[in-house]
Structure formats: structure tokens, C-alpha cells
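Report on the structure
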Amino acid sequence: MYELKTKETDASVIEFIESVDHPKKREDAYRLLDIFTEVSGYEAKMWGPSIIGFGHYHYKYQTGHEGDAPLVGFSPRKAKISLYFAPGDSEREQLLQQFGKHTTGKACVYINKLADVEEDILKALIQQSIVFLQKTYPNE
């Protein structure tokens, strides 16, 4: 049976941020920590070795695959900062059009630095993602 690699851990979020090599990226990570904590209302937790997640939800797909994931999160990676929002909601796409300089993957939004994006839109994306996931995957 498939086992999720990305699980909530007891690792220190602050120690992880302090381990980020690039000073500007570390500074952005602390600002993101403040923004995500304030907007989500959840305490930051490490998910796997490198994702800082907020809240969690349990998903179950029609294929039978299920697991737990953070509602929203981010990771200050070497190349870019990864932002984790819920995919599949048209409101997300509308917000991203106003977000600023970014690229997207299936579930991730990638930015080079926080100064490249609109902070108000970031806050709206966090809020929208949480509402969408809590509606899509209500606690059972």
C-alpha cells in the first residue's frame, strides 16, 4: 500500500527557517510565516522535511487513495519559494491573474521573492484555499 511521504512532524519550523542559506529568502520565509499564521488562524507545523503547513484536512479520492495534507503552506526552496494552495477552484485562477510574477504547477505556485507579488492577493489566496478545501473535504 502507498504511504505518504509528506506527513506532519514535530520538527521546529523556526529551526527549518534558520537553516535556509540565502538571507533574503530566510527573511521572506519569516514574513510568509507571519502572513500564513495571521490569515489561516492555524499554528505552523512542519510537513515532511521542507514544507511549512497550516491546518490540515483529510482527503479521499474516488480511486480509494486517501491521506492528510495541510490546508495551505509554503516552502522556501533553493530555486524558488513554493506556495501550496488548493488546486481546482476557478477563484484561485482569477486571483492568480492579479498576483504578480509567478509560475504554477499542479498544486504549487512558485515565486522568486515576496516583493514580486501582491500581499493582499496572497492573503486572499490563503483564505480562498482554506474555504474551498473545508467545503470540499468536510470533517467526517
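Residues numbered from 1 in each chain as written. Predicted model: local features only at pLDDT ≥ 70, side-chain atom pairs only at ≥ 80, totals over all residues. Heavy atoms only, no water.

Overview of the overall build of the protein chain
Quick reminder of the rule: Helix numbers and strand numbers start at the N terminus; a helix is a DSSP run of H or I with at least 4 residues, a strand a run of E with at least 2. For the radius of gyration, the atom set is restricted to C-alpha positions; the globular benchmark scales as 2.2 Å times the number of residues to the power 0.38. Only protein chains enter the area calculation, which uses a 1.4 Å probe; residues under 20% of their type maximum are buried, those over 50% are exposed, and those in between are partly exposed.
A count of helices and strands for the protein chain gives four helices and eight strands. When its helices and strands are written in sequence order, the protein chain yields α-α-β-β-β-β-β-β-α-β-β-α. Scaling as 2.2 N^0.38, a compact globule of 140 residues should have a C-alpha radius of gyration of about 14 Å, and the protein chain matches this with 15 Å. Overall, the C-alpha framework of the protein chain stretches about 40 × 35 × 25 Å when taken along its three principal axes. Across the 140 residues of the protein chain, 42% fall into the buried class.

Details of the UniProt feature "domain: YdhG-like" (unreviewed entry) in the protein chain
Rules: UniProt positions are given in the numbering used here, feature names are shortened, and annotations may be inferred rather than shown by experiment.
Per the UniProt record, the feature "domain: YdhG-like" (unreviewed entry) sits at residues 25-130. Across residues 25-130 one finds 33% helix and 29% strand; the C-alpha atoms that close the span lie 25 Å apart.

A word on helix α4 (residues 119-136)
Stated formally: To estimate the expected span of a helix, subtract one from its residue number and multiply by 1.5 Å. The contact criterion used is simple: two residues touch if any of their non-hydrogen atoms lie within 4.5 Å.
Here α4 contains 18 residues, and its C-alpha end-to-end distance of 26 Å stays within 8% of the 26 Å for a straight helix at 1.5 Å per residue. Of all the residues in α4, the buried ones are I121, L122, L125, I126, Q128, S129, I130, F132 and L133. Looking at the buried residues of α4, the elements they touch are α2 (23-40), β3 (57-60), β5 (72-76), β6 (81-84) and α3 (90-96).

Considerations on the pairing of β5
Where we set the bar: Should DSSP find at least two bridges between two strands, the strands are taken to pair.
The element β5 is largely enclosed, with a buried count of five among its five residues. The two faces of β5 match: V72, F74 and P76 on one face and G73 and S75 on the other face are all buried. Across three bridges, strand β2 (residues 51-54) lies against β5 in antiparallel orientation. Note on β5: the bridge partner recorded for I52 is F74. Alignment of β5 against β6, held across four bridges, turns out to be antiparallel. Of the residues in β6, the one forming a bridge with F74 is L83. The hairpin formed by β5 and β6 contains four residues between the paired strands.

Topic: α2
Given 3.6 residues per turn, any residue in an α-helix points the same way as the ones three and four places further on. Counted at 1.5 Å a residue, the expected span for α2 with its 18 residues is 26 Å, and the 25 Å between its end C-alpha atoms agrees. Taken together, the buried positions of α2 are occupied by K25, D28, A29, L32, L33, I35, F36 and S40. If you follow the buried residues of α2, they end up packed against α1 (13-18), β1 (44-47), β2, β5, β6 and α4.

Some words on the pattern of salt bridges
Defined as follows: By definition here, a salt bridge exists when the distance from a side-chain nitrogen of Lys or Arg to a carboxyl oxygen of Asp or Glu is within 4 Å.
This model, assessed by the stated rule, comprises seven salt bridges. Two residues, D21 and K78, come together in a salt bridge whose shortest N-O distance is 3.8 Å. Here the residue D21 occupies a position in the loop between α1 and α2, and K78 occupies one in the loop between β5 and β6, the gap between them amounting to 57 residues. As far as the burial class goes, D21 and K78 line up, both exposed. As a salt-bridge pair, E66 and K60 come within 3.9 Å of each other at their nearest N and O atoms.

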